[in-house]
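One letter stands for each residue in the lines below.
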Amino acid sequence: MSTLQVINFSPSIKIDTTSNSDTTNAVDSTAITKISTDILRSRISKIEFPDSSQNPLVQFFESLKNKLYNKKPIRVLHYGDSQIEGDRVTSYIRARLQAKFGGKGVGLVPALPQSSQPTGVMQSSSSNWERVTLADHDRNLSGINRYGALGGYSMYTQSRNLFSKSSNEAWIEIQRYGNVNLTARNFERLNLYYGFNSKPFILELNIDGNANDAEMMPATNSLKTLTWNLDKGVNTFLLKFIGEESPLIFGLSLESAKGILVDNIPIRGSSGTDFTKTDMDFTKDMLKILNAKLIILQFGVNVVPNVVDNYHYYEIQLYNQLKAFQVAAPDA
């Protein structure tokens, strides 16, 4: 496999447009071509590996080489701040990996849809969902620090809809969206990750407006999963939760039964240093169930406003996050 590369784009690059009398005209196409080839290529540098070794990614490449993804899905978790919201960067990585190794679906999404949604789906929910994330940790009064792989959990409160039949129900609706050829929208199954409800609740699955399945979920004090197979002809489906107490919802996964799954996990406002504040034993359990083989941390922008002479403290903080993930996912 070719060496991974990163482009360092320098703000000093300028295009001379002084010869153009009309400054509102577009920049000459030859200048753009020169930037996209000569100048950008000169800014490419290899990713740095610790101790000049290229072994850190061997486990991931070996899992691909041995085609372990033909037995069960292999997951890539892409964490970042708001710069990766809306599936930016992640969608490109996902499309390339799924085109080469198979796999369908956008992977993990929270119960409460984000402002910028991932490629291939349109998600909506009732107004009584609330979400607590890693970024809220210092303000979280619940005492719950089981954030799981998505870096947050969701739960519903009493319905705020005056026309609702029940004040103790909530729903999540997902619709396939975009180009029909996108692997991201052509998922084949739905996985629900939930738990820690002291009372039972009813869970209904409605497909294209019709009731398809309903189950009474017992009280539990652990992480549970529930799986439904979805025909590719199913365009819209809705999960309805009915019960006095909401379970903690750690995510829904829109996926295939094999191949590569790539999760877009933006945590707005985060500098990537809060993972160690969570229950990493719980995160370890969830990462094992997810079969995580590659974890990407893309942070730093939110540290920039804090101008200091030395950022060594941030290096130490990020190092601690990496060590925590290595313990939680030793096979990744």
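Anything mentioned here points back to the structure above.
Looking now at the overall build of the chain. Secondary structure summary: the chain contains five helices and 16 strands in total. Burial statistics for the chain: of 332 residues in total, 41% are counted as buried. As presented, the chain carries roughly 18300 Å² of accessible surface, and 51% of it is formed by carbon and sulfur atoms.

A separate point is the sheet that holds strand E16 (residues 292–298). Strands sit in the order E15-E3-E16 across an open sheet of three strands; the sheet is parallel. Both edges of this open sheet fall to strand E15 (260–266) and E16, since each of them pairs with a single strand only. Taken pair by pair, the neighbouring strands of this sheet meet at an average axis angle of 15°, ignoring direction. The sheet contact formed by strand E3 (residues 74–80) and E15 spans seven bridges and is parallel. Across the sheet, arginine 75 pairs through a bridge with leucine 261, a residue of E15. Of the strands in this sheet, E3, E15 and E16 touch helix H3 (residues 90–101), which is tilted by about 175° from E15.

Turning our attention to helix H2 (residues 58–65). Those residues of H2 not exposed but buried are Phe60, Ser63 and Leu64. One side of H2 carries all its buried residues, which in axial view fall inside an arc of 100°. Following H2 by one or two positions, lysine 67 has its phi on the positive side, about 55°.

All right, on to the sheet that holds strand E10 (residues 201–207) then. Read across the open sheet, the five strands follow the order E5-E8-E13-E10-E11; overall the sheet is antiparallel. A strand with exactly one partner marks an edge of an open sheet, and here the two such strands are strand E5 (121–125) and strand E11 (210–217). Going from strand to strand, the sheet's axes swing by 15° on average, the running direction of each strand aside.

About the criteria used
- Residues numbered from 1 in each chain as written.
- Predicted model: local features only at pLDDT ≥ 70, side-chain atom pairs only at ≥ 80, totals over all residues.
- Heavy atoms only, no water.
- Helix = DSSP H or I, 4+ residues; strand = E, 2+ residues; numbered from the N terminus.
- Buried < 20%, exposed > 50% of the residue type's maximum accessible area, 1.4 Å probe, protein only.
- Areas by Shrake-Rupley, 256 points an atom, 1.4 Å probe, with all protein chains shown as cover.
- Pairing = 2+ DSSP bridges.
- Axes fitted to C-alpha atoms, helices over the stretch in contact; angles between N-to-C directions.
- Contact = heavy atoms within 4.5 Å.
- Arc of directions from axis to C-beta.

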